[in-house]
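Residues per chain are reported as follows:
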Amino acid sequence: MALEAISKQEIKSLIESYENDRRHALRIMQDMQRIYNYVPREGLEALAERFSCPVSSLYSLATFYRALSLKPKGKNVIKVCDGTACHIRGSANLIGSIGRELDIAPGETTEDGMFSLELVNCLGSCALAPVMVVNEKYYSKVSMGQLAGIFNKIREGEDQ
Amino acid sequence: MVITIDGIECECEYGEFLRDIATRCEIEIPALCNHGGLPGQGCCRVCIVEVEIKGWKTVVASCIYPVEQECIVYTNSDKIKRQRAMVLSLMRARAPASKEIELLCSKFGASRNERFIEQEGEKCILCGLCAKTCESIGSGAISTINRGINKDVSTPYDEPSEACLGCGACSEICPTSAIEMEEQGSLRKIWGKAFDLVSCEVCGKPYATTQELDRNAKVLGEPASRLCDVCRRKAIADVLAKTFGS
Ligand code: SF4
Ligand code: FES
């Protein structure tokens, strides 16, 4: 969802759909992440107000979990496995190539907001090493030569 | 209940924390993340001791170990000395700029270990005591953020925090003097924010921030006295002297 679409009203109704109890903080932040692709500052502050708790305690939570991000993630999240098997089969090189191809480092998002690159630990598919997952689609035994093609396809898919 | 610490018999209640018992019996157990005003954090591990129950020995963090049965405690066995030195070596790698850590290292024979890469200029051991303090006085301006090797202590978004009163409690409680608080005349700077200091009505020394006094007044329900610590103590002593005759 686009940035301008974040309305105070929307955040408010999301927050109020949960009971006023701090233990729901994480679930609400997960919802925000799903809806906006990140946990917006407005959301964090509204949450603090609702629970009458310091913003810092929610900020602490939001920075602790990898599943939450404070900056918008790309439309397509590329997860590259850097577990033992993938590492041995060259995931480090793969990560480097993706970085060069898209001009981002792990944890970053491309300027056009199309791709984010994330490193994950074992995906449990060691036989497919090195594995890359984009939008829940698995790419097995990825070689550097395939990358440009894969990313172009994803971009085109977006154009449709 | 009576337990034995380093051969000394110590009277204690069920559930009391080991380090508190030792402190009361004047047996010193080193600690970094433990402060009387707050519950134990159990994260620095400098306070480890060996506890022997029915012949079984275990290593525990004494600041958070509740004594529930009779036991024999060793605060300085060979094993503890070795492990404590290792903990301190690791801590020095994390916070090589801290004088307090350096002091503990030399006191407990923690050698420099080439394998541990030192984080130049760092003083913070990430114990979280500062954040706990800030939270417990009701401000909650700072917290621990991120995790693993990226863990840090900060205000939200690394910006000057609205919640910060400039009281400096975090800087005061920090066991490694890692939080900088600058004071110049009647100006105090901490966490990227500047505060005006109010002067003591008697001696004229700038001693607290306006925000801090406002908060105190709110908690007390009446305006807080405008006296610094020293003058307030004097004032109380005067009242006592008058009441009971000197
Ligand atoms: S700044 Fe001090 S009190 Fe806070 S986490 Fe670091 S060492 Fe602990
Ligand atoms: S003082 Fe016990 S773990 Fe830090």
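Definitions and cut-offs
Residues numbered from 1 in each chain as written. Chains lettered and ligands numbered in written order. Predicted model: local features only at pLDDT ≥ 70, side-chain atom pairs only at ≥ 80, totals over all residues. Heavy atoms only, no water. Helix = DSSP H or I, 4+ residues; strand = E, 2+ residues; numbered from the N terminus. Buried < 20%, exposed > 50% of the residue type's maximum accessible area, 1.4 Å probe, protein only. Areas by Shrake-Rupley, 256 points an atom, 1.4 Å probe, with all protein chains shown as cover. Lys, Arg positive; Asp, Glu negative; His and termini not counted. Charge placed at Lys NZ, Arg CZ, Asp CG, Glu CD. 1 Å grid on protein atoms, 1.4 Å probe; cavity = no way out; pocket = protein on both sides within 12 Å on 5 of 7 lines; lining within 4 Å. Points joined across faces, edges and corners; volume = space filled by probe spheres on them. Nonpolar A, V, L, I, M, F, W, Y, C, P; charged D, E, K, R; others polar. Axes fitted to C-alpha atoms, helices over the stretch in contact; angles between N-to-C directions. Parallel < 35°, antiparallel > 145°, perpendicular 65-115°, else oblique. Left-handed = near helix turned anticlockwise from the far one by under 90°. Contact = heavy atoms within 4.5 Å. Salt bridge = Lys/Arg side-chain N within 4 Å of Asp/Glu carboxyl O. Expected span 1.5 Å × (residues − 1). Patch = residues over 30% accessible without salt bridge, like charges linked within 9 Å, V, L, I, M, F, W, Y side chains within 5 Å.

A.B. asks: In this structure, what is going on with the overall build of chain B? I would like to understand it.
C.D. replies: Broken down by element type, chain B carries seven helices and 11 strands. Taking the principal axes of its C-alpha atoms as reference, chain B extends roughly 60 × 55 × 30 Å. When burial is assessed residue by residue, chain B has 42% of its 246 residues classed as buried. When the accessible surface of chain B is totalled, it reaches about 14,400 Å², and 51% of it is carbon and sulfur. If you average the places of the 30 positive and of the 35 negative side-chain charges in chain B, the two averages end up 2 Å apart.

A.B. asks: Looking at this model, I keep getting lost on the overall build of chain A. Mind explaining?
C.D. replies: From N to C terminus, chain A includes seven helices and four strands. Listing the helices and strands of chain A from first to last along the sequence gives α-α-α-α-β-α-α-β-β-β-α. In terms of overall dimensions, chain A has C-alpha extents of about 50 × 35 × 20 Å along its principal axes. Put simply, chain A has 160 residues, and 43% of those count as buried. On chain A, roughly 9,000 Å² of surface is accessible, and the fraction owed to carbon and sulfur atoms is 49%. Distance between charge centroids for chain A: 6 Å, based on 19 positive and 20 negative side chains.

A.B. asks: Any chance you could explain the layout of surface pockets here in plain terms?
C.D. replies: To find leftover empty space, one rolls a probe the size of a water molecule over the atoms. For the largest pocket, the calculated volume is near 1,300 Å³. Looking at the largest pocket, it is lined by 35 residues, and the ones nearest its centre are A:Arg66, A:Leu68, A:Ser69, A:Lys73 and A:Glu118. For the lining of the largest pocket, the secondary structure elements donating two or more residues are α2 (25–36), α4 (55–64), β1 (76–81) and β2 (115–120) of chain A. Split into classes, the residues belonging to the lining of the largest pocket amount to 15 nonpolar, 12 polar and eight charged. Estimated volume of the second largest pocket: approximately 560 Å³. Lining the second largest pocket are 21 residues, with B:Cys167, B:Tyr207, B:Ala208, B:Glu212 and B:Asp229 sitting closest to its centre. When contributions to the lining of the second largest pocket are tallied by element, the ones reaching two or more residues are α5 (169–173), β8 (181–184), β11 (206–209), α6 (210–220) and α7 (229–244) of chain B.

A.B. asks: Whenever I open this one, the packing of α2(A) against helix α3 (residues 41–51) of chain A confuses me. Can you help?
C.D. replies: Residue and element names in this part refer to chain A. Relative to each other, α2 and α3 sit at 155°, their axes nearing to 11 Å. Classed by the angle they form, the pair α2 and α3 counts as roughly antiparallel. Of the two possible hands of crossing, α2 and α3 adopt the one that is right-handed. Listed contacts from α3 to Ala25, Ile28, Met29 and Met32 of α2 are Gly43, Leu44, Leu47 and Phe51.

A.B. asks: Any chance you could explain the packing of helix α2 (residues 78–94) of chain B against helix α3 (residues 99–107) of chain B here in plain terms?
C.D. replies: Helices that pack against each other are described as a pair by the angle of their axes relative to one another and the distance between those axes. Residues and elements named next belong to chain B. Where α2 contacts α3, the axes come no closer than 10 Å and their chain directions differ by 150°. In terms of axis orientation, α2 runs roughly antiparallel to α3. α2 and α3 meet at a crossing whose hand is left-handed. Counted together, Leu88, Met91 and Arg92 of α2 and Ile101, Glu102, Leu104 and Cys105 of α3 form the full contact between these two elements. Looking at the contact of α2 with α3, its residues break down into five nonpolar, no polar and two charged.

A.B. asks: Sorry if this is basic, but what is going on with empty space enclosed by the protein here?
C.D. replies: Residue and element names in this part refer to chain B. If you walk through the whole model with that rule in mind, you get two cavities of 30 Å³ or more. Taken as a whole, the largest cavity spans an internal volume of roughly 90 Å³. Forming the boundary of the largest cavity are 14 residues, of which Cys134, Cys164, Cys167, Gly168 and Cys170 lie nearest the centre. The class makeup of the residues in the lining of the largest cavity is 11 nonpolar, three polar and no charged. If you add up the space inside the second largest cavity, you get close to 50 Å³. Around the second largest cavity sit Ser89, Arg92, Ala93, Ser111, Arg112, Asn113, Phe116 and Glu118, which together line it. Considering only residue class, the lining of the second largest cavity consists of two nonpolar, three polar and three charged.

A.B. asks: How should the pattern of salt bridges be read in this particular structure?
C.D. replies: On inspection of all chains with the given rule, the structure shows 15 salt bridges over all chains. Residues A:Arg23 and A:Glu19 are paired through a salt bridge, measuring 3.6 Å at the closest nitrogen-oxygen approach. Given a relative accessible area of 58%, A:Arg23 falls into the exposed group. With a relative accessible area of 47%, A:Glu19 lands in the partly exposed category. With a closest N to O distance of 4.0 Å, B:Glu102 and B:Arg112 form a salt bridge. Remark: B:Arg112 occurs in the loop between α3 and α4 (129–136) and B:Glu102 occurs in helix α3; sequence separation between them is 10 residues. Residue B:Glu102 is classed as partly exposed on the basis of its relative accessible area of 31%. Connected through salt bridges with shared partners, the residues B:Arg92, B:Glu102, B:Arg112 and B:Glu118 form a single ionic network.

A.B. asks: Which parts of the structure should I look at to understand α2(A)?
C.D. replies: Spacing of three or four residues puts side chains on the same side of an α-helix, whose turn is 3.6 residues. The terminal C-alpha atoms of α2(A) lie 16 Å apart, and with 12 residues this matches the ideal 16 Å at 1.5 Å per residue to within 8%. Among all positions in α2(A), only A:Ala25, A:Ile28, A:Met29, A:Asp31, A:Met32, A:Gln33 and A:Tyr36 are buried.

A.B. asks: Can you help me understand a negative patch on the surface in this one?
C.D. replies: A surface patch of like charges, here negative, comprises A:Asp103, A:Glu108, A:Glu111 and A:Asp112. Relative to the elements of secondary structure, A:Glu108 occurs in the loop between α6 (91–102) and β2.

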